[in-house]
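Summary of structural features
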Amino acid sequence: MLTSSELISLVKEYNPDANAELIRKAYIFAMEAHGTQRRASDAPYFYHPLEVARSLAELKFDVSTVVTGLLHDVLEDASVNLEELEEIFGAEIAFLVDGVTKLSKISYVPRRINQAENFQKFLLAISCDIRVLIIKLMDRLSNMRTLNYIQSIEKKEKISLETLEIYAPLAERMGMSIVKDEIEDIAFYNLHPDEYSAISRKLDKIRNKGVNFIANTVDELKKTFENASIDANISGREKKAYSIWKKMQKRNLPLEQINDIIAFRVIVESVQQCYQALGVIHTHFPIVPGRFKDYISVPKINNYKSLHTSVIGSFQQPMEIQIRTAEMHRAAEEGIAAHWFYKSGDIFPGKSKSANYAWTKNLTAILQNAGSPEDIMTHSKLEMFENEVFCFTPRGDLVILPYGATAVDFAYGIHTTVGNTCAGAKINDKIAPLCTVLHNGDQVDIITSPYHHPEAIWESFAISGKAKSNIKKFIKVHEKAEFITLGSRLITYLFSLANIHFTEDSISLDRFSCVTFDEFYYKFGKGIIPLDRVRDLFLKSEDWITICENHLLLTDLLPGIAVHYAECCNPILKDKVIGIFAPPKGLVVHTTSCNRIEKSGSTMVRVKWSDNRDDTDNSFVARLCIGTLNEANSFATITNIISSTGAHIINLKMEHRSVEFFDLLVDIKVRDAIHLDELQSNLRIGTNIRSVRRL
Ligand code: MN
């Protein structure tokens, strides 16, 4: 086991000013925190964070990152809390450990095409800091190395799939090819053992055919370069089984026809020498046409640079040769980690082909704008997806929304129909208002109902273009129809007050400068044709509300367009209600007991709920004030009674809390007044409950 002094001297090699005491403290802290815990391999648990810290030190990371490597599992697996960590190790390390812990809690559920890529973006977004992601990659590397100790095949496959689809591509994107190759190969072995061993067997065969093919070719290349007076470092290696398999799949070829199973690497001093070396190789060996690639003038998206060519070797074996400088080599192997401490002017050129990839562009900016190592730390915040928020459906599908999006945006993000019928939302299993702003990683379950429709107020908190335009469209389409219905019911009602049965022969459209009755009803409902003008034609009495028993029926009038339920008294279905005609808004419905109703009767309209609305939907919001004893179980009693009655709690607030009592304000969704009455009586007999009042 690596001792704390050994770890410290590893860090001191590249960072002589490193805070040795901090590393020692973290070493002891992590060792004690994990105590007697063991890994699946039966090794002490502490070996794992220590290995992660060592990998980070080998990549020459800053002290905070190495220390986080040691501490990365103490929140999750040992009984340490974040406050404690911050107190001992400071805010930066606590932030990093917390970041890694959050990443570990998210598990990837492969669903459909593009999910993997979205998920990678999501991880980048919630990592907040590049270092969090790098620590997580080293954690994954350590876990993959001990994967064979895990008993459950299902678990092994799940981890392997996640590695192959998420972590290996992330390592690749960051240019860390050594990590990528290793975790990818272990994952491949676990997911496709048959293919893995078939490729391994064939590799053995090829290996045994040639008389030490690799060593002989390396010698031959060395001599060739010596003759050409080029100083080159040459090595040969077999490609990993997974990358061979991927090539076979991609090009649909058998193993024998893959050219680059064995790859040689030529490392020279300068870019100029790279091209000279290429000339030497092409003169000495017959080339395989069409296989030359110049990644020096056109680097890969992750800024990989090299010259690649394929030639036929002296053993009649096709082979790939990669030519690069030492600097390009380190960048290729370690990726962004290689540049951590360097000003990276030419490593991540801003105008490279990667410019259209938001994430590389931002990585580029981070590394380019940073001067000293300290600067790099302050700029290591991942800002690439700060304009987006990543949320999940209950099935695990990702929905990407603009930053600041609410549950309504999420509903429209799934489908227009879901948005147009959304009745409520559960965010992380809790009922939440549709205006709730979503955060990265929220799981959102949209409750839909055929009785629901977009409300004008949604427009004020929807922020996505899709939601906004659909809400507008819905309101616009329905506005005309709703005001026509209201206008026509209002005129019928008005006539009935004078004991006249209204028919379309009753009035002359010319008098109101209208061409059609729909136009007349609309203008009347909107108040463009004043109510007084029509009423005065037929009614003498000012106090017309008291004349007869007729009503205006509320059936099928969508709330929020021509009819509004007053926010002062929140009337619900089957409440005793009265309407106030308030053009151009339409008709505002209050409970008869609401003290906000103006007593002047000129605009009052007797209204009635429909008789036959039989949906079992909780669509009306009521507010209750529940007075209760301040006992441990009071809260649970109340919520249990409410949910057992089939009502939904939307909001809770505690008020007037004292040693003995408190008041609970609850907003609940109920079917109608009868449902609410039933709920109130159930609450009144509940233990500890002293009073129940509707507000
Ligand atoms: Mn770990």
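Residues numbered from 1 in each chain as written. Predicted model: local features only at pLDDT ≥ 70, side-chain atom pairs only at ≥ 80, totals over all residues. Heavy atoms only, no water.

Some remarks on a positive patch on the surface
Spelled out, the test is: Exposure above 30% relative accessible area and the lack of any salt bridge qualify a residue for a patch; like charges then connect within 9 Å, and the nonpolar side chains Val, Leu, Ile, Met, Phe, Trp and Tyr within 5 Å. Computed by Shrake-Rupley with a 1.4 Å probe, the accessible areas treat only the displayed protein chains as cover when residues are assessed. Salt-bridge detection follows one rule: a side-chain nitrogen of Lys or Arg within 4 Å of a carboxyl oxygen of Asp or Glu. The charge count treats Lys and Arg as positive and Asp and Glu as negative. His and the chain ends do not count. We put the charge of a Lys on NZ, of an Arg on CZ, of an Asp on CG and of a Glu on CD. Helix and strand definitions here come from DSSP, where helices need a minimum of 4 consecutive H or I residues and strands a minimum of 2 consecutive E residues; each element is numbered from the N-terminal end. Three labels apply to residues, based on accessible area from a 1.4 Å probe with only protein chains included: buried if under 20% of the type maximum, exposed if over 50%, partly exposed otherwise in between.
On the surface, Lys250, Arg251, Lys293 and Lys300 cluster together into a patch of positive charge. Within the secondary structure, Lys250 sits in helix H14 (residues 241-251). We classify Lys250 as exposed; its relative accessible area is 76%.

Looking at the environment of Glu76
Put simply, the rule is: Every residue pair with non-hydrogen atoms within 4.5 Å of one another is taken to be in contact.
With respect to the helices, strands and loops of the structure, Glu76 is situated in helix H5 (residues 74-77). Judged by relative accessible area, which is 36%, Glu76 ranks as partly exposed. Glu76 sits 28 residues away from Ser104 along the chain, and the two C-alpha atoms are 8.7 Å apart. Ignoring sequence-local partners within four residues, the contact set of Glu76 consists of Thr101 and Lys105.

Some thoughts on the environment of Ser142
Selection criterion: Pairing of N or O atoms within 3.5 Å defines a polar contact, subject to two protein rules: one partner must be a possible hydrogen donor and the other a possible acceptor, and residues neighboring in sequence count only if both atoms are side-chain atoms.
Tracing the chain through its elements places Ser142 in helix H9 (residues 130-145). What makes Ser142 buried here is its relative accessible area of 2%. The spacing of Ser142 and Val52 is 90 residues in sequence and 6.6 Å in space, taken between C-alpha atoms. Setting aside chain neighbours within four positions, we find Ser142 in contact with Arg39, His48, Glu51 and Val52. Of the polar contacts made by the side chain of Ser142, one reaches the side chain of Glu51; its length is 3.0 Å.

Quick look at the coordination of the manganese ion
What counts, and what does not: With water excluded from the atoms, a metal site may look incomplete; its donors are any N, O or S atoms within 2.8 Å, or within 3.2 Å for Na, K and Ca.
Distances from the manganese ion to its protein donors, His48 (NE2), His72 (NE2), Asp73 (OD) and Asp139 (OD), fall within 2.1 to 2.3 Å. Linear spacing of the donor residues for the manganese ion on their chain is H-x23-H-D-x65-D. With Asp73 in the loop between helix H4 (63-71) and H5 and Asp139 in helix H9, the pair connects residues that are 66 residues apart, well separated along the chain. Taken as a pair, Asp73 and Asp139 share a single burial class, namely buried.

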